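Secondary and tertiary structure notes
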Amino acid sequence: MSVLLAEAGTPAVPAEEIARILAPHPIFARFDHNSLLAVAAQFCVAAYRRGDELMHEGEPGSFAAVILEGEVDVFVTLPTGPVHMATVGHNRIIGELGVFTDMPRTATVIARTDIVAARIEQHSLMCLSAEYPSIAVAIIHELGGRLARMNRSLAYLTYAAEALGRNEFDSALLDKLTNLPGELASFGRAFAGMASEIRAKQNRRAEMRAAAEIQQSILPPPWAPAGPAACVDLYAEMHPARDVGGDFYDYFLIDANRLAFTIADVSGKGIPAALFMAVSRTVMRGIGGRDDLSAGMTEANRLLATHNTACMFVTLFYGVLDVTTGTLRYCNAGHNPPYLLHAGGGRSSLKATGIPIGIEGETGYRCAEIVLAPGDTLFMFSDGITEAFDAAGTEFGTARLEAALEAARGGSATGLVREVLGATAAFTAGAEQSDDITCLALAFRGAPTD
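Residues numbered from 1 in each chain as written. Predicted model: local features only at pLDDT ≥ 70, side-chain atom pairs only at ≥ 80, totals over all residues. Heavy atoms only, no water.

Brief notes about the overall build of the chain
From N to C terminus, the chain includes twelve helices and 18 strands. Residues classed as buried in the chain amount to 44% of the 450 residues present. Sequence-distant contacts in the chain: of pairs separated by 6 or more residues, those separated by 24 or more amount to 71%. On the chain, roughly 21600 Å² of surface is accessible, and the fraction owed to carbon and sulfur atoms is 55%. (Helix = DSSP H or I, 4+ residues; strand = E, 2+ residues; numbered from the N terminus. Buried < 20%, exposed > 50% of the residue type's maximum accessible area, 1.4 Å probe, protein only. Contact = heavy atoms within 4.5 Å. Areas by Shrake-Rupley, 256 points an atom, 1.4 Å probe, with all protein chains shown as cover.)

Some remarks on the pattern of salt bridges
Tallied over the entire structure, the rule returns 15 salt bridges. Among the salt bridges present, the one from Arg281 reaches Asp250, with a minimum N-O distance of 3.8 Å. Highlighted residues: Arg281 in helix α8 (residues 270-286) and Asp250 in strand β10 (residues 247-253), separated in sequence by 31 residues. With respect to burial, Arg281 and Asp250 carry one shared label: buried. When the shortest N-O distance is used, the salt bridge between Arg409 and Glu406 registers 3.0 Å. (Salt bridge = Lys/Arg side-chain N within 4 Å of Asp/Glu carboxyl O.)

A word on the packing of aromatic side chains
Scanning the entire structure with this criterion turns up seven aromatic pairs. A centroid spacing of 6.0 Å and a plane angle of 20° characterise the contact between Tyr339 and Phe381, whose relative ring orientation is stacked. With a gap of 42 residues between them, Tyr339 in strand β14 (residues 339-341) and Phe381 in strand β17 (residues 377-381) connect regions that are remote in the sequence. Accessibility assignment for this pair places Tyr339 and Phe381 in one class, buried. Measuring from centroid to centroid gives 5.9 Å for Phe379 and Phe381, while their planes differ by 20°, and the two rings are stacked. By relative accessible area, which is 0% here, Phe379 ends up buried. Ring-pair connections join several aromatic residues into one group, and the members of that group are Trp223, Tyr249 and Tyr251. Between the NZ or CZ atom of Arg105 and the centre of the ring of Phe63, over which it lies, the distance is 5.1 Å. A cation over an aromatic ring shows up here: Arg119 above the ring of Phe63, its NZ or CZ 3.5 Å from the ring centre. (Phe/Tyr/Trp six-rings, centres within 6.5 Å; stacked < 30°, edge-to-face > 60°. Lys NZ or Arg CZ within 6 Å of the ring centre and 35° of its normal.)

Points about the sheet that holds strand β7 (residues 108-111)
Spatially, the four strands line up as an open sheet ordered β2-β7-β4-β5, and their pairing is antiparallel. Among the strands making up the open sheet, the edge pair consists of β2 (53-55) and β5 (81-88). Along the sheet, successive strands turn relative to each other by an average axial angle of 35°, direction set aside. Where strand β4 (residues 72-78) meets β5, seven bridges bridge the pair, whose relative direction is antiparallel. Its bridge partner lying in β5, Val76 is registered against Val83. (Pairing = 2+ DSSP bridges. Axes fitted to C-alpha atoms, helices over the stretch in contact; angles between N-to-C directions.)

Brief notes about the environment of Leu440
Its location among the elements puts Leu440 in strand β18 (residues 437-444). Take Leu440: its relative accessible area is 0%, and that puts it in the buried class. As a C-alpha pair, Leu440 and Ile263 span 177 residues in sequence and 7.2 Å in three-dimensional space.

A closer look at the nonpolar core
As a rule of thumb, nonpolar side chains are buried together in soluble globular proteins. Residues Val232, Phe261, Met297, Tyr318 and Leu442 are the most contacted members of the largest nonpolar core, which totals 52 residues. With 22 residues, the next largest nonpolar core counts Phe43, Ile93, Val99 and Leu128 among its residues. (Core = buried A, V, L, I, M, F, W, Y, C linked by side-chain atoms within 4.5 Å.)

Some details on the sheet that holds β10
Spatial ordering of the open sheet is given by β10-β11-β12-β13-β16, a layout of five strands whose pairing is antiparallel. The sheet terminates laterally at β10 and β16 (368-371), the two strands that pair on one side only. Within this sheet the neighbouring strands show an average axis-to-axis angle of 15°, counted without direction. Two strands pair when backbone bridges link them, and strand β12 (residues 314-322) and strand β13 (residues 327-333) are joined in this way by six bridges, in the antiparallel orientation. Each residue of the ladder has a partner; that of Phe317, found in β13, is Asn332. Here α8 sits on the sheet in contact with β10, β11 (258-266) and β12, set at roughly 20° to β10. Helix α9 (residues 293-305) rests against β12 and β13 of the sheet, and its axis sits at about 25° to β13.

So, the pairing of β18
With eight of eight residues buried, β18 is to be regarded as a mostly interior element. The alternating pattern of β18 places Ile437, Cys439, Ala441 and Ala443 on one face and Thr438, Leu440, Leu442 and Phe444 on the opposite face, and all of these are buried. In this sheet, β18 lies alongside strand β9 (residues 232-239) in antiparallel orientation, the contact comprising eight bridges. Paired with Tyr235 across the strands is Ala441, a residue of β18. Looking at chain direction, β17 and β18 are connected through five bridges and run antiparallel. Residue Phe381 lies in a different strand from β18, and its bridge partner there is Cys439.

The values reported here are purely geometric and, on their own, carry no functional implication.
Pasting the structure below:
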């Protein structure tokens with residue numbers, strides 16, 4: 001049946017037609033024929049325009065309606081605003097719970113389109129129930145069944161919520177929740193979608209924790225040398241801004257007398273930077289045994305620049321220290337200049353000797369050489385230190401870093417790193433870490449004597 005809006009009013013709909021529409025609905029399905037016709041005769045037809053409010057949440061439920069033409073939206077109001085619960089259309093009944101139970105409206109109903117609806121007033125239904133007891137019995141039976149179905153649905157939702165909280169959510173529950181009957185069907189589907197997304201985020205979080213553990217395992221173990229290298233005190237820490245990061249440090253003995261060490265900062269953050277970091281660390285390990293450091297750096301740059309479609313690059317400081325003489329040969333590829341704290345007082349910095357690696361495959365690299373005196377300490381860091389910000393947006397900067405270095409001068413490598421990290425943390429005072437932070441300190445105690 002198609003019922004159209006008329007300019008001069010709303011067309012009448014015969015009681016027999018209303019009865020035919022009502023008959024399949026669970027509330028009216030148990031009515032005998034005479035009761036159904038008596039109820040249908042009490043319905044009147046009303047027209048609503050798009051955007052009209054048919055029912056308002058919290059108001060008394062004075063009538064129920066059968067939608068003959070068009071659709072309505074059902075909203076429930078929360079402190080955050082209205083939430084769309086359902087769209088109801090042709091031959092659906094709205095407002096019956098308030099009419100049958102004398103409860104306030106539990107939702108607001110607004111015409112999504114122009115609407116033609118057959119409505120029955122509460123007092124008419126109550127009078128009919130007194131005249132036809134079978135009507136009251138059928139209504140009570142249906143509402144009882146609806147309550148039982150709702151209780152079962154609520155039980156599934158409660159169990160699902162508790163299982164989600166225990167991280168024991170069974171994927172089979174999603175099927176149950178997406179197929180809940182009746183009024184909770186939309187909520188069940190929404191809850192199932194939320195649960196599925198939470199589970200996906202939990203899995204991603206677990207994967208990120210695993211990635212962080214793998215990245216930490218790539219870093220070298222604490223420095224515990226024997227033999228000639230015991231004259232070197234070395235300590236480093238890395239703190240990613242996210243679960244994984246693009247900073248790294250490394251150190252290893254090339255042979256009994258030569259110590260290779262590096263600190264690096266990959267462009268970007270997160271997973272892409274972490275992957276490039278792992279590749280860079282492997283490449284840099286590969287040049288450790290080369291006598292010609294410049295050629296080794298050039299080869300490392302070529303390897304990282306080849307097929308570098310992500311256009312990532314690495315700033316790094318790479319050095320090889322002869323522990324028997326204190327001779328340090330190094331290459332600074334666009335990295336923050338490390339500080340050299342001189343044993344006799346004062347400090348200097350080891351400036352860049354080339355551009356970051358991975359940018360241009362044909363670039364060559366120049367290396368430099370200095371000699372560390374006993375008591376000299378080299379401090380290397382990533383720009384996560386100097387570019388750390390407090391809550392007001394003020395940068396930690398070079399001056400504060402240098403003050404922290406002076407405060408820890410003459411102590412151990414561990415003490416130097418922790419002094420700088422402590423000063424940075426105190427300055428940022430709980431502000432979100434914006435970049436990876438890495439420090440490496442190397443204190444040369446002097447060549448061993450026979």
